[in-house]
Amino acid sequence: MGLANAMQHVQAITILDASGTAIYSSNAVLVGQSFAYREYFKEVAAAPDADMLYVSSPFTGVFGDWLLPFAKVITNAEGKFNGLILILLNSVEYSQLISSLRPTSQSWASLAHGQGMLFVWEALGDSTPTGQNLNVPGSLFSKHRSSGQTESFYKSAVTANQQESLVSVRTIIPDTFMMSNPLVLAVGRSYSVLTQLIFKEILFLIVIFIVLYFALATLLFWTQHTRRISYKETKSAERFAKGLSDKLSKFVELTPSIIVLTDIKGAFKEVNPAFQNALGYTYQELMESTLIEYIHPDEREEFRATLKSLTKDKANITRLIRFRSKNATYLSFETSIAIYGDVFFIAGLDVTEREIEKAQLQLMAYKDRLTGLPNRGMLWEHLNQAIHEEMNERHNTAVLFIDLDGFKLVNDTCGHESGDKVLKIIGKRLLGVVRENDTVGRLGGDEFVVILSRIGSERDVEFVAKKILETIKHSISLSGDKTVTVGASIGISIWPDHAFTADELLNLADKAMYESKRGGKNRYSFAN
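Values in this document were obtained by computation on a predicted structure and should not be read as measured data.

Observations concerning the overall build of the protein chain
Part 1 of the argument: Each helix and strand counted, the protein chain has 15 helices and 23 strands in total.
Part 2 of the argument: By residue count, 48% of the 528 residues in the protein chain fall in the buried class.
Part 3 of the argument: Long-range contacts, defined as pairs at least 24 residues apart, comprise 54% of the intrachain contacts of the protein chain with a sequence gap of at least 6.
Part 4 of the argument: Taken as a whole, the protein chain presents about 26,300 Å² of accessible surface, with 52% of it coming from carbon and sulfur.

As for the packing of aromatic side chains
Part 1 of the argument: If you walk through the whole model with that rule in mind, you get 8 aromatic pairs.
Part 2 of the argument: Ring centres 6.2 Å apart and planes at 55 degrees place the aromatic pair Phe268 and Tyr294 in the tilted group. Taken together, the positions of Phe268 in strand E13 (residues 268–271) and Tyr294 in the loop between helix H8 (283–287) and helix H9 (300–309) put the pair 26 residues apart, joining distant regions of the chain. Neither residue differs from the other here; Phe268 and Tyr294 are each classed as buried.
Part 3 of the argument: Between Phe275 and Phe323 the ring centres are 5.7 Å apart and the planes differ by 85 degrees, which places this aromatic pair in the edge-to-face class. Of this pair, Phe275 sits in helix H7 (residues 273–279) while Phe323 sits in strand E14 (residues 316–324), placing them 48 residues apart in sequence. With respect to class, Phe275 is no different from Phe323; both count as buried.
Part 4 of the argument: A connected cluster of aromatic rings, assembled from ring pairs, spans Phe268, Phe275, Tyr281, Tyr294, Phe323 and Phe333.

Remarks on the nonpolar core
Part 1 of the argument: In this structure, Leu400, Ile402, Ile426, Leu452, Ile468, Ile472 and Ile490 are the most contacted members of the largest nonpolar core, which totals 33 residues.
Part 2 of the argument: Counting residues per element, the ones that place at least two in this core are strand E17 (396–405), helix H12 (407–414), helix H13 (416–433), strand E19 (447–455), helix H14 (458–472) and strand E22 (487–495).
Part 3 of the argument: For this core, the element with the most residues is H14, which contributes 6 residues.
Part 4 of the argument: Once residues within four sequence positions are removed from consideration, Ile490 is found in contact with Leu400, Phe401, Ile402, Ala465, Ile468, Leu469, Ala512, Met513, Ser516, Arg523, Tyr524 and Ser525.
Part 5 of the argument: Within the second largest apolar cluster, 24 residues are counted, among which are Tyr281, Tyr294, Ile317 and Ile337.

Things to note about unusual backbone geometry
Part 1 of the argument: Cis geometry marks the peptide bond from Trp495 to Pro496, where omega comes out at 5 degrees.
Part 2 of the argument: Residue placement: Pro496 occurs in the loop between E22 and helix H15 (502–518).
Part 3 of the argument: With phi around 75 degrees, Ala328 is a residue other than glycine that occupies positive phi space.
Part 4 of the argument: Position of Ala328 relative to the elements: it lies in the loop between E14 and strand E15 (330–340).

A word on the sheet that holds strand E16 (residues 343–350)
Part 1 of the argument: Spatially, 5 strands are ordered E13-E12-E16-E15-E14 in an open sheet, and the strand pairing comes out antiparallel. In the strand order of this sheet, the two ends are held by E13 and E14, each with one partner. With strand direction ignored, the average angle separating the axes of adjacent strands in the sheet is 25 degrees.
Part 2 of the argument: The strands that H9 touches are E14, E15 and E16; relative to E14, the one it contacts most, it runs at about 150 degrees.

Looking at the sheet that holds E17
Part 1 of the argument: One open sheet accounts for 5 strands, arranged E18-E19-E17-E22-E23; its pairing is mixed. Either end of the sheet is taken by a strand with one partner, and the two such strands are strand E18 (439–444) and strand E23 (524–526). Adjacent strand axes in the sheet meet at a mean angle of 20 degrees, parallel and antiparallel pairs treated alike.
Part 2 of the argument: Examined bridge by bridge, E17 and E22 share 9 bridges and lie antiparallel to one another. Counted as the bridge partner of Ala398 is Ile494 from E22.
Part 3 of the argument: Seen against the sheet, H14 touches E17, E19, E22 and E23 and runs at an angle of roughly 160 degrees to E22.

Concerning the pattern of salt bridges
Part 1 of the argument: Inspection of every chain in the model, using the stated rule, returns 16 salt bridges.
Part 2 of the argument: The shortest N-O distance in the salt bridge between Asp405 and Lys517 comes to 2.5 Å. Note that Asp405 is positioned in strand E17 and Lys517 in helix H15, a separation of 112 residues in sequence.
Part 3 of the argument: Look at Asp405 and you get buried, because its relative accessible area is 9%.
Part 4 of the argument: Taking the shortest distance from any N to any O, the salt bridge between Glu470 and Lys473 comes out at 3.3 Å.
Part 5 of the argument: One continuous salt-bridge network, built from bridges that share partners, spans Glu334, Arg354, Glu355 and Lys358.

Some details on the environment of Lys326
Part 1 of the argument: Residue position: Lys326 is located in the loop between E14 and E15.
Part 2 of the argument: You can call Lys326 partly exposed: its relative accessible area is 48%.
Part 3 of the argument: Lys326 sits 32 residues away from Tyr294 along the chain, and the two C-alpha atoms are 9.4 Å apart.
Part 4 of the argument: When near neighbours in sequence (up to four residues on either side) are disregarded, Lys326 contacts Leu279, Gly280, Tyr281 and Glu285.

What about the pairing of strand E10 (residues 164–172)?
Part 1 of the argument: Within E10, 7 of the 9 residues are buried, which leaves it mostly tucked inside the rest of the structure.
Part 2 of the argument: Pairing of E10 with strand E11 (residues 183–190), which is carried by 8 bridges, proceeds in the antiparallel orientation. The partner of Arg170 across the bridge, within E11, is Leu185.

Digging into the confidence of the model for the protein chain
Part 1 of the argument: Per-residue pLDDT for the protein chain averages 82, and the proportion of residues at 70 or more is 81%.
Part 2 of the argument: Every residue in residues 1–6 is under pLDDT 50, and counting partners more than four places away or in other chains gives 8 contacts.

What about the packing of H12 against H13?
Part 1 of the argument: For the pair H12 and H13, the least separation of the axes is 7 Å and the interaxial angle reads 145 degrees. For the pair H12 and H13, the contacting residues are Phe407, Val410, Asn411 and Cys414 in the first and His416, Ser418, Gly419, Val422 and Leu423 in the second.
Part 2 of the argument: Class assignment of the residues belonging to the contact of H12 with H13 gives a composition of 5 nonpolar, 4 polar and no charged.

Calculation criteria
- Sequence order sets the numbering: in each chain, residues are counted from 1 along the sequence as written.
- Side-chain atom pairs in this predicted model are given and counted only at pLDDT of 80 or more, local residue features only at pLDDT of at least 70, and totals for whole chains, interfaces and linings cover all residues.
- In computing side-chain properties, one takes all heavy atoms of the structure into account and sets aside hydrogens as well as water.
- Labels follow the DSSP assignment, with helices taken as runs of H or I lasting at least four residues and strands as runs of E lasting at least two, numbered in each case from the N terminus.
- Each residue gets one of three labels from its accessible area relative to the maximum for its type: buried under 20%, exposed over 50%, partly exposed in between, using a 1.4 Å probe on protein chains only.
- Only heavy atoms enter the contact rule, under which two residues are in contact if any of them lie within 4.5 Å.
- Accessibility throughout is a Shrake-Rupley quantity obtained with a 1.4 Å probe, and a residue counts as covered only by protein chains that appear here.
- Put simply, two rings from Phe, Tyr or Trp (the six-membered ring, in Trp's case) pair if the centres are within 6.5 Å, and we call them stacked under 30 degrees between planes, edge-to-face over 60, tilted for the rest.
- Nonpolar cores are built from buried Ala, Val, Leu, Ile, Met, Phe, Trp, Tyr and Cys residues. Side-chain atoms within 4.5 Å join them into one set.
- Pairs of strands are assigned from DSSP output, requiring at least two bridges between the strands.
- Every axis corresponds to a line fitted to the C-alpha atoms, with the helix fit spanning only the stretch in contact, and the corresponding angles, defined between N-to-C directions, vary from 0 to 180 degrees.
- Note on definitions: salt bridges are taken to be side-chain nitrogens of Lys or Arg within 4 Å of carboxyl oxygens of Asp or Glu.
- Residue-level confidence of the predictor is summarised by pLDDT, bounded by 0 at the bottom and 100 at the top.
- Charged means Asp, Glu, Lys or Arg here, nonpolar means Ala, Val, Leu, Ile, Met, Phe, Trp, Tyr, Cys or Pro, and polar covers whatever is left, Gly included.

Structure representation (structure tokens):
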């Protein structure tokens, strides 16, 4: 009874005599009841085979739960049928287990009997009833079973929910351990909402293998306690366990996703070839070090905290981690980290290109595409930051609004390509005038803005404005022997003398720039 209670997905472990009467059960209510009318008993009693593990179709039990029966024959001293050992898996408890193993909330998982009856279906917001027959003509289930393959992958409409899905199907039946009927495990996701990556399904399959192996091992344990198990059966179970272990090892070896096993300190216990190939290290080099050493220094403490935070209540965490490759570059991996016992499973996919594209998009959002200078959005942020800092340090901030004189003539006579070249050169010249902590940006067209931080007086600003006028008026060489010259009109506003907010400073500097235009151009003016 203690073992049945320890396995929450087991409804009961029961021993039936040759007549089908329960003579022992982990659920005392069942003792003395006859189950000879049940198909699982009739199937075994009709053709008992001591070497066979009988897996009968799911059925509704006396308590209203859907149950999946596993049975093993008990023989007497003459080798004749003397009853059976019965383990009943509870679909409700088992569905909770499968639900916790689904890689994403959008995915679904199911377990069906080999003849087609659905035993467990777990999907977000889906009320598909247990007991549905999946073995109908043209169904995904029938295609898989008729193919004769143990593993299949489909993009097809699913009978259970009528959704177009990407589905991975596996028939669970060992090569060296006889089962009357296989189990069919499927995991899938709706094709329209498929956004997660395959490494979470890797963890899902690993845990499913472990759970099924544990269930079969439990059945063997109880068989040994009810009769003298033969040497042949023992060896068969050992071969099955070894075969399962070999298949899992092969799966880990061939998957393109990285898989790493470590302890709480990050010491390697196992790595797959995908991890070695991605980073360029040999197996020996990795096993003589720790995973922490290859993680970006900025992320090491967070990774240690993640390992410590994993518990039975929170057994899976997703993290973006950068690993150092052998050529000293860092690769980004989207990883899923889980714990089993005292071993941490880390599975992940290389998303370096995605992260680079993301960074480039973020850069484009704040940079002027032509000159590479900060655009209006970044200028506004820098100006607000400068004002905030000056409030605490009691310095001034100046805004210089610059509009090029004569630029339209260059565009009209020399073409836009030449105009673009002029804008790029002017941007570089402005950067050469200011300090490192100042900001040069382009608003658009031929308008530039310079933000001067930590200035002492108007004379400091005038000194910079004069240098800008001087450097801009130098001639610019274009293609061939052609040269052009442009000037600049500058408007200046100072915080806090003229305004207190970034918008007001920019507006006043713009108005002062037009005063310079009206005053003859190629000059600077302060805001009133």
